[in-house]
Amino acid sequence: MRPQFLLISMAFLFICSPSNLFVQENKDNQNPDKKKIEGYIKDEMKTQQIPGLTYAVVRNGKVIDSGAYGLANIELQAPVTLHTRFALGSIGKTFTATGIMILVKDEMLSLDDPVNKYIDSLPDTWGSITLRHLLNHTSGIRDYIGDFPGYPVIQGRDRKQEYTEAQIIHMAADAPLNFAAGERWAYSNMNFVLLGFIIHKVSGKPLPEFINERIFSPLGMSETRYISVRDIIPGRATGYLLDDNGKITNGIYVSTFFSSTGDMGIITTACDMAKWSIGLNSGKILDKTILNQMWEPAKLSSGMEATGLGGSNYGLGWFLDDHRGYKVRGHGGSFINGYTSDFLYFDDFDLSVIVLTNLNPTDVHWICLNIGGFFVPELSGIDRIKVNVDEEANSVDRVRNFFEELANNSLDTSLATDNFIKRINPVTEIILNQDAPTFISYVSSDRLKDRKVECYGIPIQKINYYRVQFGGETNYFAIYFTAENKIAGMVGY
């Protein structure tokens, strides 16, 4: 499992939908590696003790593969099918962001509108916070969970209690900002809770009703809805937790209010998520001009790109990453009532991969990458690369010095490019100082040859991969090197 600062995350195959859309697509696109995919998934489920998992793969606007494995409920031995619904967690942010952009398209609001135009009784310190700041996590508003370490969280929340919008707004507004709007980047679920309230205020409809009317229904996502603890939801998978002793337990109770807000409130199937990917990329919900706004890296008030702790960028409700030199956008999700999920789209290959599970925590991101790798080998996760470049093993000392100097706030241009140093999130130094790497080993390398890959405007010659231990946890880092052997960027996995 990845440490907190990098988290910012057997049943047979069944017919997916009444229209048989997914069955037909799978027939038309037989995958010669299907047995290998199934073997890989089952091995990962066994290793990680995942009760149930479902996935879908979309390429060039068509579903080319899907599957369902394991148990939706352990006690009842109920199998997962392609109709089994899993909570998405923070993937729900992509829907909330799209809802805001629909209102932008309808000219009912503007991204640069101040938040206090739509929410009353806010303190003066919030005066410069805009909707854009909420969407790209540069608002400085405190989180209510603590998904981004290094900053205080909002106090007084009871996850079991039902709240009103006014009560949550009051709770958020009473907490001092972590920084001035636009000054830094820090992931905060509260940003998207507030965006959900704003959609309600502007549209006159509660968030679930608005999103269903403008997104779910037009895309035929009939198995997708917002979560209710009390409602009977056909096909809902039971959520499970893996405790510190490696024992599976039932997920933690979370009230309907906190289960259905704009930051994470959706329950769905992998097949419906495939419809989401197809519908979004086809321009059925938003045109390409607006979508491209969502998929541009956030900028700080300094004009530089905003970066997370592990080097990721963020757009408007979407993570914008680089994997092995290829651009990828998407979002992961994790929910303490017992679910993890991942949704990735690779622009270069017009490929989407969706993986949903009913266990928390899991390394679902690895599973998502490696499923993609069966279709495009260049996308396989670092843990499956079969490259051996012995001379790069000597680079471990350089990477170790990089982490040490980063933790000590002494990193200079002898090790890294100035463009990278300027963009490093300041909290990264604090976290590394508290939890320094205890072991670093070289794994493999991608030599980019004729591929043109850049980090913050600087050409990259190679990407080296390292296994890094923080305490007892093993993680991976991709380190991007220039022709002059300077570090120009990194991505944490």
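This is a predicted model, so every value here is computed, not measured.

Within a sheet, adjacent strands bond to each other through the backbone by hydrogen bonds, running parallel or antiparallel. Taken in spatial order, the 3 strands make up an open sheet running 7-6-14, and their pairing is mixed. If you trace the sheet from one side to the other, it starts and ends with strand 7 (248-250) and strand 14 (359-360), each paired once. Both strand 6 (residues 240-242) and strand 7 contribute to a ladder of 3 bridges, which runs antiparallel. Each residue of the ladder has a partner; that of tyrosine 240, found in strand 7, is asparagine 250.

Quick look at the layout of surface pockets now. Quantified by volume, the second largest pocket comes out at close to 540 Å³. As for the second largest pocket, its lining consists of 22 residues, of which Pro297, Asn313, Leu320, Asp321 and Lys327 are closest to the centre. Counting residues per element, the ones that place at least two in the lining of the second largest pocket are strand 10 (319-323), strand 11 (326-335), strand 16 (454-455) and strand 20 (487-492).

Let us look at empty space enclosed by the protein. Empty space within the largest cavity amounts to approximately 70 Å³. As for the largest cavity, its lining consists of Ile141, Arg142, Asp143, Phe148, Tyr151, Pro152, Val153, Asn178, Ala186, Tyr187 and Ser188. For the lining of the largest cavity, the per-class residue count stands at 7 nonpolar, 2 polar and 2 charged. Empty space within the second largest cavity amounts to approximately 60 Å³. Looking at the second largest cavity, the residues that line it are Thr307, Gly308, Leu309, Gly311, Phe420, Arg423, Ile424, Asn425, Thr428, Tyr456 and Met490.

On to unusual backbone geometry, then. Between asparagine 360 and proline 361 the backbone carries a cis peptide bond, its omega angle lying at 0 degrees. Structurally, proline 361 is set in the loop between strand 14 and helix 11 (364-375). Phi angles above zero are rare outside glycine, and asparagine 60 is one such case at about 50 degrees. Among the structural elements, asparagine 60 can be located in the loop between strand 1 (52-59) and strand 2 (62-73). Since its relative accessible area comes to 55%, asparagine 60 is described here as exposed.

One finds Ile198 and Trp276 to be the most contacted residues of the largest nonpolar core, which totals 99 residues. A total of 9 residues in this core trace back to one element, the largest contributor, which is helix 6 (residues 189-203). Contact partners of isoleucine 198, with chain neighbours within four places excluded, come to Ile100, Leu109, Val115, Tyr118, Ile119, Leu131 and Leu134. The next biggest cluster of nonpolar side chains, apart from the first, holds 68 residues, and it includes Val364, Trp366, Leu369 and Phe403.

Its location among the elements puts arginine 85 in the loop between strand 3 (78-79) and strand 4 (86-87). Of note is the side chain of arginine 85, whose polar atom sits 3.2 Å from the backbone oxygen of proline 234. Ignoring sequence-local partners within four residues, the contact set of arginine 85 consists of Ser222, Glu223, Arg225, Ile233, Pro234, Gly235, Arg236, Ala237, Ile267, Thr268 and Thr269.

The next point concerns the pairing of strand 13 (residues 351-357). Taken across its 7 residues, strand 13 has 7 buried, putting it largely inside the fold. Burial along strand 13 is two-sided: Leu351, Val353, Val355 and Thr357 and Ser352, Ile354 and Leu356, pointing in opposite directions, are all buried. Here 7 bridges tie strand 1 to strand 13, and the two strands are oriented antiparallel to one another. Bridge pairing links threonine 54 to leucine 356 in strand 13. As consecutive antiparallel partners, strand 12 (residues 339-346) and strand 13 are separated by 4 residues, and within that stretch aspartate 350 has a phi angle of approximately 45 degrees, a positive value.

Definitions and cut-offs
- Residues numbered from 1 in each chain as written.
- Predicted model: local features only at pLDDT ≥ 70, side-chain atom pairs only at ≥ 80, totals over all residues.
- Heavy atoms only, no water.
- Pairing = 2+ DSSP bridges.
- Helix = DSSP H or I, 4+ residues; strand = E, 2+ residues; numbered from the N terminus.
- 1 Å grid on protein atoms, 1.4 Å probe; cavity = no way out; pocket = protein on both sides within 12 Å on 5 of 7 lines; lining within 4 Å.
- Points joined across faces, edges and corners; volume = space filled by probe spheres on them.
- Nonpolar A, V, L, I, M, F, W, Y, C, P; charged D, E, K, R; others polar.
- Buried < 20%, exposed > 50% of the residue type's maximum accessible area, 1.4 Å probe, protein only.
- Core = buried A, V, L, I, M, F, W, Y, C linked by side-chain atoms within 4.5 Å.
- Contact = heavy atoms within 4.5 Å.
- Polar contact = N/O pair within 3.5 Å; in protein donor to acceptor, adjacent residues only side chain to side chain.

Don't take any of this as a statement about function, it's just geometry.
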